[in-house]
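Topology and contacts: notes
Here is what each chain is made of, one letter per residue.
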Amino acid sequence: MEDVERLGFAAEGRQQSEIAPCSAEIRLLSPAERQLARLADGPPILIVAIDTEAEFDWNGPFLRSQTSVRNVRNQGMAQEIFDRFGVRPVYLVDYAVATQAEGYLPLREIRESNRCEIGAHLHPWITPPFDEPLSNRTSFSHNLSPLLQEEKLSRLTDAIISNLRVRPISYRAGRYGVGEEIASLLYSLDYTVDMSVQPGIDMRHRDGPDFRKAPNSPYWFGTRDPLLEIPAGAGFIGLLGSPALPKSVSVQIYKQIARPRLNRLRSLGVFARLHLLERIPLTPEGVTLSELRRLTTALLSRGQRVFVFSYHSSSLLPGNTEYVQSGSDLSQFLARIAGYLEFFMGECGGISTTPRELRDSLVKSAAPG
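Residues numbered from 1 in each chain as written. Predicted model: local features only at pLDDT ≥ 70, side-chain atom pairs only at ≥ 80, totals over all residues. Heavy atoms only, no water.

Side note on the pairing of strand β4 (residues 117-122)
Here is the key point about a regular strand: its side chains alternate between the two faces of the sheet. Across the six residues that make up β4, a large majority, six, are buried. Burial along β4 is two-sided: Glu 117, Gly 119 and His 121 and Ile 118, Ala 120 and Leu 122, pointing in opposite directions, are all buried. Where β4 lies against strand β5 (residues 170-173), three bridges are found, and the strand directions are parallel. Each bridged residue has a counterpart across the sheet, and for His 121 the counterpart in β5 is Arg 172. In this fold, the crossover linking β4 to β5 by way of helix α5 (residues 146-164) has right-handed handedness. (Buried < 20%, exposed > 50% of the residue type's maximum accessible area, 1.4 Å probe, protein only. Helix = DSSP H or I, 4+ residues; strand = E, 2+ residues; numbered from the N terminus. Pairing = 2+ DSSP bridges. Right-handed = clockwise from strand over helix to strand, strands pointing away.)

A short note on the environment of Val 93
Positionally, Val 93 belongs in strand β3 (residues 90-93). With 79 residues separating them in the primary sequence, Val 93 and Arg 172 have C-alpha atoms 9.1 Å apart. When sequence neighbours within four positions are dropped, the list of residues in contact with Val 93 reads Thr 52, Ala 98, Leu 107, Ile 118, Gly 119, Ala 120, His 121, Leu 156, Ile 160 and Leu 164. (Contact = heavy atoms within 4.5 Å.)

Quick word on the environment of Arg 294
Turning to its location among the elements, Arg 294 is positioned in helix α10 (residues 289-301). Sequence separation of Arg 294 and Ile 280 is 14 residues, and the distance between their C-alpha atoms is 9.2 Å. Sequence-distant contacts of Arg 294, that is, excluding residues within four places in its chain, are made with Ile 237, Glu 278 and Ile 280.

Take a look at the structure:
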């Protein structure tokens with residue numbers, strides 16, 4: 001997305017003090033500040049997390065007016081699949097969904113029948129107070145001051161409590177925009193789970209966070225009551241994605257072959273076909289069922305137990321994301337969701353849980369006695 005100056009935006013309520021200074025690197029909790037969660041022996045675990053949000057142009061400017069939530073009515077089609085497999089997804093809800101009846105009423109019905117959990121998903125450009133300029137940089141929450149982040153998340157949390165009638169405990173930052181202040185932010189509003197980490201990517205070139213060193217497995221962090229990080233599902237596979245190599249090496253190689261100049265020569269496809277390196281996110285968006293199976297099998301062989309399967313709610317309204325442009329695309333999208341759940345629950349012998357349930361079980365298993 002273009003920069004605010006090139007788009008000619010007027011900065012609404014511009015207060016430079018509300019924008020965090022640029023950092024050379026966002027460590028998102030150093031290894032000394034986190035501890036991998038210890039899971040009891042058992043089957044692989046799946047969490048389905050849906051970024052439940054307004055429709056907006058991913059390739060256009062960030063606009064405060066893009067708050068349509070027509071897509072939420074279509075979530076019932078996916079929920080039927082989840083119900084069939086006994087999956088209770090977590091709907092991570094943004095401010096537009098939480099404040100418009102068209103958004104929150106369908107979700108409230110699902111939640112009140114105990115078929116899902118509700119979490120929070122912060123898109124700063126549509127969440128008041130609007131004390132920052134509109135730009136690519138400020139679309140990542142961690143680039144705002146901690147005070148402004150807290151004010152926005154507080155407004156979102158209050159809307160969820162009021163209209164969805166539940167206090168959320170799970171949080172995912174829009175565009176995965178989290179930094180070192182995330183622990184104090186979650187503590188201030190009684191959240192206990194973060195789901196904002198996207199392992200193996202470095203988005204600093206566009207003012208985003210750096211997750212090169214982030215683990216793929218859940219971990220504890222924070223200085224008070226333990227907060228649980230449940231990273232998004234993704235992984236490197238292939239010879240150059242082997243766990244024998246440091247993840248930072250795989251990330252750097254992938255960044256190089258993904259550069260536009262090289263990728264015009266289809267470098268990503270060549271490396272994938274030669275089984276050298278692939279980065280596959282665990283999502284039905286732009287990923288085939290074969291790729292999802294291949295990724296899951298590889299990660300299981302490395303001992304990974306917790307998998308997070310995610311998509312954007314707007315993909316269920318054709319024409320709103322690049323992944324679903326037609327009714328036919330939508331049918332294939334839903335079929336991939338069903339196909340993956342059948343594979344995970346059947347061939348992998350997996351089970352499904354929710355962020356709250358996972359944290360509760362980890363806390364209970366760690367308690368003395």
